[in-house]
Structure formats: C-alpha cells, structure tokens
Amino acid sequence: MAAAVSSIGIMDGAYFVGRGEILHWINATLQLSLAKVEEAASGAVQCQLMDMVHPGVVPMHKVNFDAKTEYDMIQNYKVLQDVFNKLRIVKNIEVNKLVKGRPLDNLEFLQWLKRYCDSVNGGIMNENYNPVERRSKGCKERGSKGSNKSSKSLQTNRLSGGDSADGGPGVGKVCNNVAEGQYIEQIHQLSEKIADLKVSVDSMEKERDFYFSKLRDIEILCQRPELEHLPMTKAVRKILYAADAKDSPLPDANDIITKSPGLFSDETE
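Right, let's walk through the structure included here. From a predicted model like this one, the values you see are computed outputs, not experimental measurements. (Residues numbered from 1 in each chain as written. Predicted model: local features only at pLDDT ≥ 70, side-chain atom pairs only at ≥ 80, totals over all residues. Heavy atoms only, no water.)

## Considerations on the packing of helix H3 (residues 44–53) against helix H4 (residues 70–87)
Then, number 1: Contact geometry of H3 with H4 gives a least axis separation of 8 Å together with a crossing angle of 30°. Here H3 is positioned roughly parallel relative to H4, judged by the angle of their axes. Where H3 crosses over H4, the handedness of that crossing is left-handed. Contacts between H3 and H4 involve Ala44, Gln46, Cys47 and Met50 from the former and Asn76, Tyr77, Val79, Leu80, Val83, Phe84 and Leu87 from the latter.
Then, number 2: Counted by class, the contact of H3 with H4 contains nine nonpolar, two polar and no charged residues. (Axes fitted to C-alpha atoms, helices over the stretch in contact; angles between N-to-C directions. Helix = DSSP H or I, 4+ residues; strand = E, 2+ residues; numbered from the N terminus. Parallel < 35°, antiparallel > 145°, perpendicular 65-115°, else oblique. Left-handed = near helix turned anticlockwise from the far one by under 90°. Contact = heavy atoms within 4.5 Å. Nonpolar A, V, L, I, M, F, W, Y, C, P; charged D, E, K, R; others polar.)

## Digging into the pattern of salt bridges
Then, number 1: Enumeration according to the criterion identifies nine salt bridges in this entry.
Then, number 2: Notably, a salt bridge pairs Lys114 with Asp118, separated by 2.9 Å at the nearest N-O pair. Of the two residues, Lys114 and Asp118 are both situated in helix H6 (residues 103–119); the distance of four residues between them amounts to about one turn of the helix.
Then, number 3: Its salt-bridge partner being Glu219, residue Arg216 comes within 2.5 Å of it at the nearest N-O pair. Pair noted here: Arg216 and Glu219 are both in helix H8 (residues 169–222), with a separation of three residues, about one helical turn.
Then, number 4: Overall, Arg216 belongs to the partly exposed group, its relative accessible area being 37%. (Salt bridge = Lys/Arg side-chain N within 4 Å of Asp/Glu carboxyl O. Buried < 20%, exposed > 50% of the residue type's maximum accessible area, 1.4 Å probe, protein only.)

## A closer look at the environment of Glu228
Then, number 1: Relative to the helices and strands, Glu228 resides in the loop between H8 and helix H9 (231–240).
Then, number 2: Dropping the residues within four chain positions of it, Glu228 is found in contact with Cys222, Gln223, Thr233, Lys234 and Arg237.

## Comments concerning the packing of aromatic side chains
Then, number 1: Counted according to the given criterion, the structure contains four aromatic pairs.
Then, number 2: Residues Phe109 and Trp112 carry aromatic rings whose centres are separated by 6.0 Å and whose planes lie at 10° to one another, so their mutual orientation is stacked. Pair noted here: Phe109 and Trp112 are both in helix H6, with a separation of three residues, about one helical turn.
Then, number 3: Given the relative accessible area of 2%, Trp112 is considered buried.
Then, number 4: Ring plane angle 10° and centroid distance 5.8 Å describe the contact between Trp112 and Tyr116, whose orientation is recorded as stacked. (Phe/Tyr/Trp six-rings, centres within 6.5 Å; stacked < 30°, edge-to-face > 60°.)

None of the figures reported here should be taken as evidence of function without further support.
Next comes the structure, spelled out in structure tokens:
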C-alpha cells in the first residue's frame, strides 16, 4: 500500500479535484453536512475516512469529533499518524498548518486522502460500514472514560456566580453552557474569516511580487546605454515612471513613437 501512496505526486490528478467534489464525497461517504473543507481541520474526518477503508485499524474512541482547540485537534492528528505508521503509509502530515484552518492546506490534504481511499479496494465502499454508528460508538467510549475528569474540570473552571434565583444551581450551569457554546461558535466563525482573509492577502502579495519583478526587469533593460536613448525605450519609461494614477501616460508614449520616424533604424534622438 505504501507504494501506491508514494506514487501520488503533486501533479497527480488528485490535486485537481475541486472543493465541491471533495465536500460531496465526504458528506456522502460519512453522512455529514460540511459546507467548507476547513471544517475538517480537526482531523476527525480524516480519521474516520481511514476507519472506513481499514476497519479496525483506527481507535475511534480516541477520535474527538467535538475538537475545537488546537490541542484537541493535534490529538486527533496523532491518532491519524499512528494509523499511517501501522499501515506503513509515507505521508507528511503538516499538522501546524492544518489546525489553523487554512482552506488551501486542508483542501490539498483531503485531495490526497481521497486519492488514497480510491486506491484501496478500487474505491469500492464497504456497504456494511455505518459512519453514524461508528462516530456514536467512538464518542460513547471516549465519553465514558473521560466523563468524571471532564465534569470535575468544568466545575473547577466555571464561575461561582452561576446560580439562578428561580431555578437553583442547575439552571445557572445550563445558561453558562449555552453562553459558552455561543462564544465558541462566534470565535470559530471569526477564525474562519481571518483564515480566508490571510489566504486572500497571501495570494495578492504573491501576485504583486510577480508583476513587480517583471516591471523591474523592464526598467533594468531600459537602462542599458545602447537602448536608453531609443524612442521605444523612452515611451516605455514614460509609462513606467508616470506619477498620476488618474491620467493614462499611453497617449504621451504613443506621441513619442509617432514623432520618431527612425524608430526601426540605427538613428537615435
């Protein structure tokens, strides 16, 4: 199986599969309703996809589908890495990038994973695999093992002023849980927006640097002694050094060329 994985290069067709197709595949396979690829940043989805193609290899009770913090997400990726090691799959998991929820990083990893899953058993799905039941079973096993510890932790960290005059301490705790859930959801949404903005900024900076390097090359070429006095060079420099963004320098540049009948001869101004 490792040989099949190692053949998935960066130019493989897997990396040209769109987000829509990836999301449709995940949702249909695992009976989920993901709207964005970065919603799979916690690593739980990847673990269950491996559980589907390799039944019994993934310890689903260790997979946290409610992971919100980077710490919890990293634990999921540790489970996934252990599975890769068991199956001798050579694949570098860039955990630090994936847990940040960057769309492009998560898309690339899911594209690779789809290609891998398609290579197992010819991509034929296990009809007996029940994704909902497997998730529920894993959550129950994990919950039963950590219930005492988590309940103590919640009681320790919760503010002491949560009691309600109408319903007693229980109502106050429920309200705190609801408020906490809303805050977490808001933080998650803002984090997604920040991640999208970062991707946009990175893309614009790369595009800016690309075109700036081209303009710089043109400028250097125009500064060559044998070229700097030519009409065409003057016209190009007229455009390069135009200071007014509102008025186009193109008419002036055209005028320079029009008034230079010896443009294509050895004459210079």
